[in-house]
Amino acid sequence: MTALGLLFTAMMLFPVYWMVNVSLTRERDMRKTPPDLFPVHATLRGYREVLDQQLPYLGTSLVIGLGTVAVTVLLAAPAGFSLARLRPRGGGLVGFLMLVAQMIPGIIMAMGFYAIYLSLGFLHSVPGLIIADSTLAVPFAVLIFTAFMSGIPAELLQAARVDGAGSVRIFRSIVLPMSRNAIVTVSLFAFLWSWSDFVFASTLDSGGAHQPITLGIYHYIGNNNQEWNAIMATAVVASLPAAVILVLAQRYVAAGVTAGAVKD
Amino acid sequence: MNSTAPTPGASAAPSATDPVGTAPPPSGAADRFPHGPRSQQWAAWGFLTPVVIYLGAFYAYPLYRNLDLSLRNYTVRSFVQGNAPFTGLENYRKVVDDPTFVPALEHTVLFTGVSLFFQYAIGLALAVFFAQHFRLSATLRALFLVPWLLPLIVSASTWSWMLNSESGIANAALGWLGVGPVNWLTSPSWSLASVIIANIWIGIPFNLVVLHSGLQAIPASLNEAAAIDGANAWQRFWRVTFPLLRPVSAITLLLGLVYTLKVFDIIWIMTRGGPSDSSTTLATWSYRLGFGNLLPEFGPGAAVGNLLVVIALVFGLVYIRAQRQQDNP
């Protein structure tokens, strides 16, 4: 069984291996037929080019990712608390709108944002991209926080209320600290989605002074320079956050994927 | 999920991706309880107001602007000045009459249908396989998440190079099997198949993870009882597991559908919808009209986008209904 499992996994991950292999291949071996299956003449030149050319892009992506995480958590955590615990009139409708919001194709949002940002002179700006990217994560985050905070024992909150704590106090001192796992899950996804975003970046920021790494790769491909080992080296570096998250926080990822799709 | 999950399979991919995609938990918990006392109502709305303003400013308003774009005759100049004449449904008529419309619609249906079928079938097979706990099974299952976590542009450019006509590994592998090379990305008869293959690869993890946790929820005793009655593994799967998994399957497929409809990155990066529109879907066509040409056609682009929104929302509402029914049988 394990052998079969290893075989399936190897097949599934072959493209990832190939990306790494090509990133280490020498320029002159790139057009060889058949291509080398292993990086026998491994070179780090592609990675040197990443260091030379792509660092600003990576930095921008990092800033945008962290900004998106901050916006998402700041907006979604209080909303989740309200929907889960304070039962506002009309809360059901807000929850429903969150579900619907997730289904709107990004390309349509991008076009609307483009029209708005153009008239506001907000194109090619990092804060503009942070706001646009946060629309990828906020509805999901509200739903995750709502589901998670519904699970906090009611007695805890009641006891605090009896002791005279107001809603703000309860939220800050009890609910937020207990929601650590939800905060981690939401932050991971918000970061990953904004790091990976291409649609908003290419519509709202192409040609801007600070561009994210997805555009860095896209320009590489588009320039027809066809330096595939540099392109693939950039791709490997752009994949690092995903790899880190998988190693360090795999259980949060699985929790996010299945949240709500399946009832336990 | 677009991703997620996350964008979904970009197919979600994480989607965007979401592929992309992550399933939202059911809402409506608030409806099942009486509303709180009056003082609590103030607090409740105090916590909720920022997100409501946000929804209005960054969802409703862009969507409204997009609708407005589709109902006016915009040129680059009037786009900047904002005085484009109102033309009603003219843009929609133009789009539907366009020779690209029917192929784009067909490709969208094919791309979505074929992607979903294989993502689901392969995901389910793998979920059943991983349900038998063996050494390393949890680790290997985690590794299967990798395609779904990678930025779509990374996956798309890797597949582009693998499918490169002259130097790609795919044609080299075909050569070893004695089959001639295929122009995966540059031949009109293969380009759609190529982007579908890449999209299936990206969508498998989402299906695997959701169906796997669906399988966990089925009591083992049912399968054991069937085994005692003499059912073999094949019969047990089709007579016991598969029917019991139906609600989860429905939700996986519907969510996958909503996320696959909006896949754009993969196709645009691999083929730009070409050659000669052979892999154009509604999503890539909308983008090309608005941003892909030197002379942007925002009106028709927005019109195509709005058609896509309507289609996605129809299936999205079906999904929400299915989700609710599963929660309150």
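Residues numbered from 1 in each chain as written. Chains lettered and ligands numbered in written order. Predicted model: local features only at pLDDT ≥ 70, side-chain atom pairs only at ≥ 80, totals over all residues. Heavy atoms only, no water.

Caption draft 1: Representation of the overall build of chain B within the structure. Secondary structure assignment for chain B yields 15 helices and two strands. Relative to its full complement of 329 residues, chain B shows a buried share of 58%. Carbon together with sulfur atoms contributes 66% to the accessible area of chain B, which is approximately 13500 Å² in total. (Helix = DSSP H or I, 4+ residues; strand = E, 2+ residues; numbered from the N terminus. Buried < 20%, exposed > 50% of the residue type's maximum accessible area, 1.4 Å probe, protein only. Areas by Shrake-Rupley, 256 points an atom, 1.4 Å probe, with all protein chains shown as cover.)

Caption draft 2: Expanded view of the UniProt feature "domain: ABC transmembrane type-1" (unreviewed entry) in chain B. UniProt tags residues 105–319 of chain B as "domain: ABC transmembrane type-1" (unreviewed entry). This span, residues 105–319 of chain B, is 74% helix and 0% strand, and a straight line between its end C-alpha atoms measures 22 Å. (UniProt positions renumbered as here; feature names shortened; annotations may be inferred.)

Caption draft 3: Seen up close, the UniProt feature "transmembrane region" (unreviewed entry) in chain B. All names here are of chain B. As annotated in UniProt, the feature "transmembrane region" (unreviewed entry) corresponds to residues 42–61, 109–130, 142–162, 190–211, 244–270 and 298–320 in the numbering used here. Here residues 190–211 runs as 95% helix and 0% strand, with 31 Å between its end C-alpha atoms. Secondary structure across residues 298–320 divides into 100% helix and 0% strand, with the first and last C-alpha atoms of the span separated by 31 Å.

Caption draft 4: Summary view of the packing of aromatic side chains. Summed over the entire model, instances satisfying the criterion amount to 38 aromatic pairs over all chains. Relative to Trp195 of chain A, the ring of Phe191 of chain A has its centre 5.7 Å away and its plane inclined at 25 degrees; by these criteria the two rings are stacked. Taken together, the residues span about one helical turn, with Phe191 of chain A and Trp195 of chain A both in helix H8 (residues 180–196) at a distance of four residues. Taking the relative accessible area as the measure of exposure, Phe191 of chain A reaches 14% and is therefore buried. In this structure an aromatic cluster arises from ring pairing among Tyr114, Phe198 and Tyr218 of chain A together with Phe264, Trp268, Tyr287, Phe291 and Phe298 of chain B. (Phe/Tyr/Trp six-rings, centres within 6.5 Å; stacked < 30°, edge-to-face > 60°.)

Caption draft 5: Broad picture of the pattern of salt bridges. Residue and element names in this part refer to chain B. Enumeration over the complete set of coordinates arrives at five salt bridges over all chains. In this structure, the salt-bridge partner of Glu90 is Arg93, at a minimum N-O distance of 3.3 Å. Here Glu90 pairs with Arg93, and both are found in helix H3 (residues 90–97), just three residues apart, close to one helical turn. Ionic pairing is found between Arg288 and Asp277, a salt bridge with its closest N-O pair at 2.7 Å. Of this pair, Arg288 sits in helix H14 (residues 282–292) while Asp277 sits in the loop between helix H13 (265–271) and H14, placing them eleven residues apart in sequence. (Salt bridge = Lys/Arg side-chain N within 4 Å of Asp/Glu carboxyl O.)

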